[in-house]
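# Residue-level structure breakdown
Listed below, chain by chain, are the residues.
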Amino acid sequence: MTRARSPLRPAGAIAIVVLAIALVFLLIYGVLSKATDTTIDDSLSRAKATPAPGFELPVLQRGAVEPELQARIAPAFANGRLALDELRGKPVIVNFWASWCAPCREEAPVLEGGRAEAERLGAVLIGLDMQDVTSDARAFLRQYQVGYPIVRDRGNGVARRWGATGIPETYFVDRRGRIVAHVIGRISRAQLRRGTLAAVVGRAIAVEQGGARKASG
């Protein structure tokens, strides 16, 4: 004769319900904590500059810039890492890219061709390589003769904090460390110049749409 199973005791049932609720909240927290921050674009849509999220990343390539800028950024590269705060006082252009991104390959000549003008205006162009294989990134730099400084983020944490949802994307930071312009997608020479001028004068301009891009993971 089979014995009937006794019902769950009230304490046990409550514990299971509490555990289930906790797991749901953890799942929601995990999704929200990985969500892309839209603060920057929201501010720029109102023509308002916003502080650039800081980062400190390994230097993949020191690059070469005009002598006046070189004297300023050389100490920042001394330990093989670069923190954005170390460039405070100079306009900075931050370009997010990866070697596996086809639009990034199309964009590379535009950035390399326009960086001399940006440097003459006093701006530092920094490439931020993300979610990439080091050897592939170095091969990209050689193939497209990229000469400006490059830092590397193995993941996409910096991109998420900056609000980037794909690559390439380019941000323009003024001397005070505020983001004043953002180009989503492959940048044009005209957009590069507009963003650089905005960073130099410290005036926020609207987010601009560039060419095609790749979604980031």
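See the structure shown above.
The structure contained in this document is the topic of the report that follows. (Residues numbered from 1 in each chain as written. Predicted model: local features only at pLDDT ≥ 70, side-chain atom pairs only at ≥ 80, totals over all residues. Heavy atoms only, no water.)

In terms of regular secondary structure, the protein is built from seven helices and 11 strands. Buried positions account for 44% of the 217 residues belonging to the protein. In the protein, the proportion of contacts linking residues at least 24 apart, taken out of those at least 6 apart, comes to 74%. For the protein, the accessible surface area stands at approximately 11,400 Å², while carbon and sulfur atoms represent 58% of it. (Helix = DSSP H or I, 4+ residues; strand = E, 2+ residues; numbered from the N terminus. Buried < 20%, exposed > 50% of the residue type's maximum accessible area, 1.4 Å probe, protein only. Contact = heavy atoms within 4.5 Å. Areas by Shrake-Rupley, 256 points an atom, 1.4 Å probe, with all protein chains shown as cover.)

The terminal C-alpha atoms of helix 4 (residues 102–120) lie 29 Å apart, and with 19 residues this matches the ideal 27 Å at 1.5 Å per residue to within 8%. Its axis deflected by about 35° at Gly114, helix 4 carries its strongest bend there. Buried within helix 4 are the following residues: Pro103, Cys104, Glu107, Ala108, Leu111, Gly114, Arg115, Ala118 and Glu119. Positive backbone phi, at 95°, marks Gly122, one or two positions downstream of helix 4. (Expected span 1.5 Å × (residues − 1). Bend = angle between axes of the 7 residues up to and from the residue.)

One pass over the full model with this rule turns up nine salt bridges. Notably, a salt bridge pairs Asp129 with Arg152, separated by 3.7 Å at the nearest N-O pair. Here Arg152 lies in strand 6 (residues 150–153) and Asp129 lies in strand 5 (residues 124–130), a separation of 23 residues in the sequence. Here Asp129 matches Arg152 in class, with each residue buried. Here Arg194 makes a salt bridge to Glu208, at a shortest N to O gap of 2.8 Å. You can see Arg194 sitting in helix 7 (residues 189–201) and its partner Glu208 sitting in strand 10 (residues 208–209), a full 14 residues away along the chain. Taking relative accessible area as the criterion, Arg194 reaches 41% and is therefore assigned partly exposed. The exposure class assigned to Glu208 is buried, which follows from its relative accessible area of 18%. Among the charged side chains, a network of salt bridges with common partners joins Glu112, Arg115 and Glu119. (Salt bridge = Lys/Arg side-chain N within 4 Å of Asp/Glu carboxyl O.)

Right, let's talk about the environment of Leu87 for a bit. Following the sequence through the fold, Leu87 ends up in the loop between strand 3 (81–83) and strand 4 (92–97). Remark: the alpha-carbon pair of Leu87 and Arg176, spanning 89 residues in sequence, is separated by 9.7 Å. Those residues in contact with Leu87 that lie beyond four places of it in its chain are Arg72, Ile73, Leu82, Val92 and Ile126.

Here the focus is the side chain of Arg115. Turning to its location among the elements, Arg115 is positioned in helix 4. Of the polar contacts made by the side chain of Arg115, one reaches the side chain of Glu112; its length is 2.7 Å. With near-sequence residues (within four places) excluded, Arg115 lies in contact with Ala64, Val65, Leu125, Gly147 and Tyr148. (Polar contact = N/O pair within 3.5 Å; in protein donor to acceptor, adjacent residues only side chain to side chain.)

Before going further, it helps to examine unusual backbone geometry. Of note, the amide linkage connecting Ile167 to Pro168 takes the cis form, showing an omega dihedral of 0°. Looking at the element boundaries, Pro168 is found in the loop between strand 7 (166–167) and strand 8 (169–173). With a phi angle near 60°, Ala47 is a residue other than glycine that sits in the positive phi range. Inspection of the secondary structure puts Ala47 in the loop between helix 2 (39–44) and strand 1 (50–51). Residues other than glycine seldom take positive phi values, yet Gln131 does so here, at roughly 50°. With respect to the helices and strands, the residue Gln131 is situated in the loop between strand 5 and helix 5 (134–143). We classify Gln131 as partly exposed; its relative accessible area is 24%.

A separate point is the packing of helix 4 against helix 7. The contact between helix 4 and helix 7 brings their axes to 10 Å, and the two run at 35°. Classified by chirality, the crossing of helix 7 by helix 4 is right-handed. Here Val110, Leu111, Gly113, Gly114, Glu117 and Ala118 of helix 4 lie close against helix 7, whose contacting residues are Arg189, Leu192, Arg193 and Thr196. Taken together, the residues that form the contact of helix 4 with helix 7 break down as four nonpolar, three polar and three charged. (Axes fitted to C-alpha atoms, helices over the stretch in contact; angles between N-to-C directions. Left-handed = near helix turned anticlockwise from the far one by under 90°. Nonpolar A, V, L, I, M, F, W, Y, C, P; charged D, E, K, R; others polar.)

The subject of this paragraph is the pairing of strand 4. Of all six residues in strand 4, six are buried; the element is thus mostly enclosed. With burial as the criterion, each face of strand 4 is covered, one bearing Val92, Val94 and Phe96 and the other bearing Ile93, Asn95 and Trp97. Pairing of strand 4 with strand 5 involves six bridges; the strand directions are parallel. Bridge assignment links Val92 to a residue of strand 5, and that residue is Val124. Considered for its hand, the β-α-β crossover made up of strand 4, helix 4 and strand 5 is right-handed. Pairing between strand 4 and strand 8: five bridges, direction antiparallel. Bridge assignment links Asn95 to a residue of strand 8, and that residue is Thr170. (Pairing = 2+ DSSP bridges. Right-handed = clockwise from strand over helix to strand, strands pointing away.)

Just distances and angles here, no functional claims.
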